[in-house]
Amino acid sequence: CETCSKEEAKYRCPRCMKYSCSLLCVKKHKLALSCNGVRDKTAFVSVNEFTDLNLLSDYRFLEDVGRTADAAARHCLVHSPATKRLLYCLRNKARGCNIELKTLPVGFTKRRENSTTFNSVENKFYWHLKLIFPHCHAEYTLKGVPDDKTLADILKPYIDPVESDPVVCQRLKIYTASPQSDVRILMKIENRSRNSVRYNELDASRSLLDNLKGKVIIEYPTLFVVLKTLKNDMVVLGQDGSEPAENSDSESSSLSSVEEGEIRDSS
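Remember, predicted model here, so these are calculated numbers, not experimental data.

## Here we look at the state of the cysteines
Throughout the structure, instances matching the rule amount to zero disulfides. In this structure Cys 16 is not part of a disulfide, and its nearest cysteine sulfur, from Cys 13, lies 3.6 Å away. For the unlinked cysteine Cys 35, the closest cysteine sulfur is that of Cys 13, found at 3.6 Å.

## Description of the pattern of salt bridges
All told, the structure shown has 13 salt bridges when counted by the stated rule. Between Arg 184 and Glu 201 there is a salt bridge, with its nearest N and O atoms 3.2 Å apart. With Arg 184 in strand E7 (residues 183–188) and Glu 201 in strand E8 (residues 199–202), this residue pair connects regions lying 17 residues apart in the sequence. Overall, Glu 201 belongs to the partly exposed group, its relative accessible area being 34%. Each member of the salt-bridge network shares a partner with another, and the members are Lys 41, Asp 64 and Arg 67.

## As for unusual backbone geometry
One non-glycine residue, Ser 5, lies in the positive phi region at around 60 degrees. The topology assignment puts Ser 5 in the segment before strand E1 (11–12). For Ser 34, which is not glycine, the phi dihedral falls at a positive 50 degrees. Along the chain, the position of Ser 34 falls in the loop between helix H1 (23–33) and helix H2 (52–74).

## Overview of the UniProt feature "domain: HIT-type" (unreviewed entry) in the protein
In the numbering used here, UniProt assigns the feature "domain: HIT-type" (unreviewed entry) to residues 1–35. Helix makes up 31% of residues 1–35 and strand 11%, and the two end C-alpha atoms of the span are 16 Å apart.

## Some words on helix H5 (residues 151–159)
If you check which residues of H5 are buried, you get Leu 151, Ile 154, Leu 155, Tyr 158 and Ile 159. All buried residues of H5 lie within an arc of 110 degrees about the axis, which places them on one face of the element.

## Regarding the side chain of Arg 111
Its location among the elements puts Arg 111 in helix H4 (residues 109–113). According to the relative accessible area criterion, Arg 111 is buried, its value standing at 17%. Excluding residues within four positions of it along the chain, Arg 111 makes contact with Leu 87, Thr 103, Leu 104, Pro 105, Val 106 and Glu 219.

## Re the nonpolar core
Judged by nonpolar contacts, the single largest core of 34 residues is most densely connected at Leu 131, Phe 133, Tyr 158 and Leu 172. Elements supplying a minimum of two residues to this core: helix H3 (81–96), strand E5 (124–133), strand E6 (138–146), H5, E7, helix H8 (208–212) and strand E10 (222–227). Filtering out sequence-adjacent residues up to four positions away, Phe 133 remains in contact with Ala 138, Tyr 140, Leu 155, Tyr 158, Ile 159, Leu 172, Tyr 175 and Val 225. Listed in part, the six residues of the second largest apolar core include Leu 186, Tyr 199, Phe 224 and Val 226.

## Quick notes on the confidence of the model for the protein
Per-residue confidence for the protein averages 80 on the pLDDT scale, and 82% of its residues sit at or above 70. Below a pLDDT of 50 lies the segment residues 244–267, which in the model reaches 44 contacts outside its immediate sequence neighbourhood of four places, other chains included.

## Some thoughts on the pairing of E6
Two elements, E5 and E6, share seven bridges in a ladder whose sense is antiparallel. Considered in E6, the bridge of Ile 132 is made with Glu 139. Hairpin connection of E5 to E6: four residues between the antiparallel strands, including His 137 at a positive phi of 55 degrees.

What counts and what doesn't
Residues numbered from 1 in each chain as written. Predicted model: local features only at pLDDT ≥ 70, side-chain atom pairs only at ≥ 80, totals over all residues. Heavy atoms only, no water. Disulfide = S-S within 2.5 Å. Salt bridge = Lys/Arg side-chain N within 4 Å of Asp/Glu carboxyl O. Helix = DSSP H or I, 4+ residues; strand = E, 2+ residues; numbered from the N terminus. Buried < 20%, exposed > 50% of the residue type's maximum accessible area, 1.4 Å probe, protein only. UniProt positions renumbered as here; feature names shortened; annotations may be inferred. Arc of directions from axis to C-beta. Contact = heavy atoms within 4.5 Å. Core = buried A, V, L, I, M, F, W, Y, C linked by side-chain atoms within 4.5 Å. pLDDT = per-residue confidence, 0-100. Pairing = 2+ DSSP bridges.

Pasting the structure below:
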């Protein structure tokens, strides 16, 4: 057993391939690795290990993708004038704040889960927001985050040693134990090619709206909270010594990569 190292293993996780001896160890390994136990249908399989079962799995995966795409195209909301007006209004309001907001077709995971709204009375966005803590393999989804709230205040319930929830604090202890000056907030630059991933560093002392200005957002913002000493493979634009300013590729390449991932995810 790769969890307790005491008993003989009886089970193997379909997703991460870890061996476990009991239900208790299965639950522990899922909690420790944030593993859902569901086999990854898109995981790489080498030619030497490719079998008829893998071929059948790929065939069924493509069938599922086709059914999902067809169902999304037939969905009543796709042709709903009210939905189109709402999305147009949301994109238009974002454009007025110097934010390029892009929305995906109905059926995509990010489109389904997005809860971002605009309050015309307060003239304020309430964002759907995702926080990813890569060093702890943890992520949290926030709903109704006002655009005038600073990033530092948004992160307080998660990494502040005093104000954070005890359970969350324990899970993110590598962050709470580190000096707050080492915490960096990054956001992936969307309008780039897939082989040139770069991130913008955001200012924790400024509001969410100020940080999003001049950025491209697909459905909702996803923020990566990293530590300065551990963000090894995350290249921040302007800090890699080769690109002092944003070098935009075609928007179509970015959207195609996002849509490909979303199609796989939504299946």
